[in-house]
Amino acid sequence: MIQKIHYLIIVLFLTAIAPINGQNSIYNNLGVAPVDGGLEMDDYWVWGSSVIKGEDGQYHMYASRWPKYLKFHPGWMIASEIVHAVSDKPEGPYKFQEVALGARGAQYWDGRSCHNPKIVKYKDEFLLFYMGSTHPFEDVSEENADQLTLSSKWCIAGRWGKRVGVATSKSPYGPWKRLDHPIIDVKPNSYYSFLTSNPSPLIKEDGTVILLFKGRSYQEDELTHTDQFIGVATAKIYHGPYTISEQPIFSKDKFGEVEDPHLWSDENGYHMIAKDMRGKIVNHHHGGILAHSKDGMHWKLDKNPLAYTRNVTWSNGKVQQQGQLERPFVFVENGKPTHIFFATMDGKGGFSNGSKTWNMVIKLNDTIK
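Attention in this report is confined to the structure presented alongside it. (Residues numbered from 1 in each chain as written. Predicted model: local features only at pLDDT ≥ 70, side-chain atom pairs only at ≥ 80, totals over all residues. Heavy atoms only, no water.)

**Describing the overall build of the chain**
So, step 1. Scanning the chain from N- to C-terminus turns up three helices and 21 strands.
So, step 2. For 369 residues, the compact-globule estimate of 2.2 N^0.38 gives 21 Å, and the chain sits close to it at 20 Å.
So, step 3. The dimensions of the chain, computed from C-alpha atoms along their principal axes, are 60 × 45 × 45 Å.
So, step 4. Looking at the chain residue by residue over its 369 residues, the buried ones come to 60%.
So, step 5. Long-range pairs, those at least 24 residues apart, make up 55% of the contacts in the chain with a sequence separation of at least 6.
So, step 6. Total accessible area on the chain stands at roughly 16900 Å², and carbon and sulfur atoms take up 52% of it.
So, step 7. Each charge sign in the chain was given a centre, from 40 positive and 40 negative side chains, and these centres are 3 Å apart. (Helix = DSSP H or I, 4+ residues; strand = E, 2+ residues; numbered from the N terminus. Rg over C-alpha atoms; globule rule 2.2 N^0.38 Å. Buried < 20%, exposed > 50% of the residue type's maximum accessible area, 1.4 Å probe, protein only. Contact = heavy atoms within 4.5 Å. Areas by Shrake-Rupley, 256 points an atom, 1.4 Å probe, with all protein chains shown as cover. Lys, Arg positive; Asp, Glu negative; His and termini not counted. Charge placed at Lys NZ, Arg CZ, Asp CG, Glu CD.)

Written out as structure tokens, the structure reads:
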């Protein structure tokens, strides 16, 4: 009873301060994060998740992980794998099942690292979109892990090789069929000439696809890369070919620089949630932004675009600013957003200042229309 009263006080408090930030369907409906929700794994860094409900009534999460003997950043570039975990309720906790997409050899475009999973289903097929990369060097082990830096040979090749791909399966448990080529490759003299990453697909009823992705281009010196761009790609079927917008829909010069876009739709059109990289859009460093579109190609910021901040209210009553709060994923069930998932890190902020990561979840209140 005391815990329920405490929860109600927190909800009333959040409702009371909401008008300060304006009304929108996410920020004003953020509930409490269960302390034991989501997915955490001993001995691994765990990052960005995507969840789908299966015909078995279970909730299936796909998430990235890599061993903790590597630095969090840039360990993911060269050793991430995508794992499958299951729960009987959307908030979890989720139990590890198996590795869905792991290393498969340097000769493959995604042979060394698979990251940033997004799971969707079309008809009887599960589609797992992701970022893949490779490098031609020896593995990084516990013995040589101290040599892994952003300027090391592994990371130079691993970052340069990032591309968007898709794998398919008839079951959420796999096996997964992977393609020999990425579906979103780089293009010379474009805003995605250096890399493509962070896919967020939406499959329409007729099977056509709208896909948001992150791109970087080469600087004029042809040695370094630019800030991040968000592009949109369309295809008649999930494996392509894809037609990519000539201009980015988000950039430093257009709305502001964002990362980690997630796309969903309802009767009002398309919606995007993403991380504000510089805090210049919503005035919160690494806070969340909301944008909308009628066709998925042309986007506008919401009137009140703040989706979330790094401040989280936990089910034990603790209010805490997370060191990192990234990879927002809005889970939709029966046509209604019900939960928002995040990759999160403890510490004071910055990838080098955290001791653990996990995928957390916040329930959205029932007042969402």
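**With respect to helix H3 (residues 153-160)**
So, step 1. Looking only at H3, the buried set comprises Trp154, Cys155, Ala157, Gly158 and Arg159.
So, step 2. Elements that come into contact with the buried residues of H3 comprise helix H2 (72-79), strand S6 (125-133) and strand S9 (195-203).

**Things to note about the sheet that holds S6**
So, step 1. On the basis of which strands lie adjacent, the open sheet formed by four strands has the order S5-S6-S7-S8 and antiparallel pairing. A strand with exactly one partner marks an edge of an open sheet, and here the two such strands are strand S5 (113-122) and strand S8 (177-178).
So, step 2. Strand direction decides the pairing type here: strand S7 (residues 163-169) and S8, joined by two bridges, are antiparallel. In the strand pairing of S8, Thr168 is matched with Lys177.
So, step 3. Across the sheet, H2 lies against S5 and S6, angled at about 65 degrees from S5, the strand it touches most. (Pairing = 2+ DSSP bridges. Axes fitted to C-alpha atoms, helices over the stretch in contact; angles between N-to-C directions.)

**A short note on the nonpolar core**
Here is a general trend for soluble globular proteins: nonpolar side chains tend to be buried in one another's company.
So, step 1. One finds Ile26, Phe250, Ile273, Trp299, Ile340 and Met360 to be the most contacted residues of the largest nonpolar core, which totals 37 residues.
So, step 2. Leu127, Val164, Val209 and Tyr242 belong to the second-largest nonpolar core, a separate cluster that totals 19 residues. (Core = buried A, V, L, I, M, F, W, Y, C linked by side-chain atoms within 4.5 Å.)

**Comments concerning H2**
So, step 1. Most of H2 sits out of view: six of its eight residues are buried.
So, step 2. Within the span of H2, buried status applies to Phe72, Pro74, Gly75, Trp76, Met77 and Ile78.

**Notes on unusual backbone geometry**
So, step 1. Put simply, Gly92 and Pro93 share a cis peptide bond, and its omega is 10 degrees.
So, step 2. In this chain, Gly174 is followed by Pro175 through a cis amide linkage whose omega measures 5 degrees.
So, step 3. Tracing the backbone shows Pro175 in the loop between S7 and S8.
So, step 4. For His286, which is not glycine, the phi torsion reads 60 degrees and is therefore positive.
So, step 5. As for its placement among the helices and strands, His286 is situated in the loop between strand S14 (269-276) and strand S15 (288-293).

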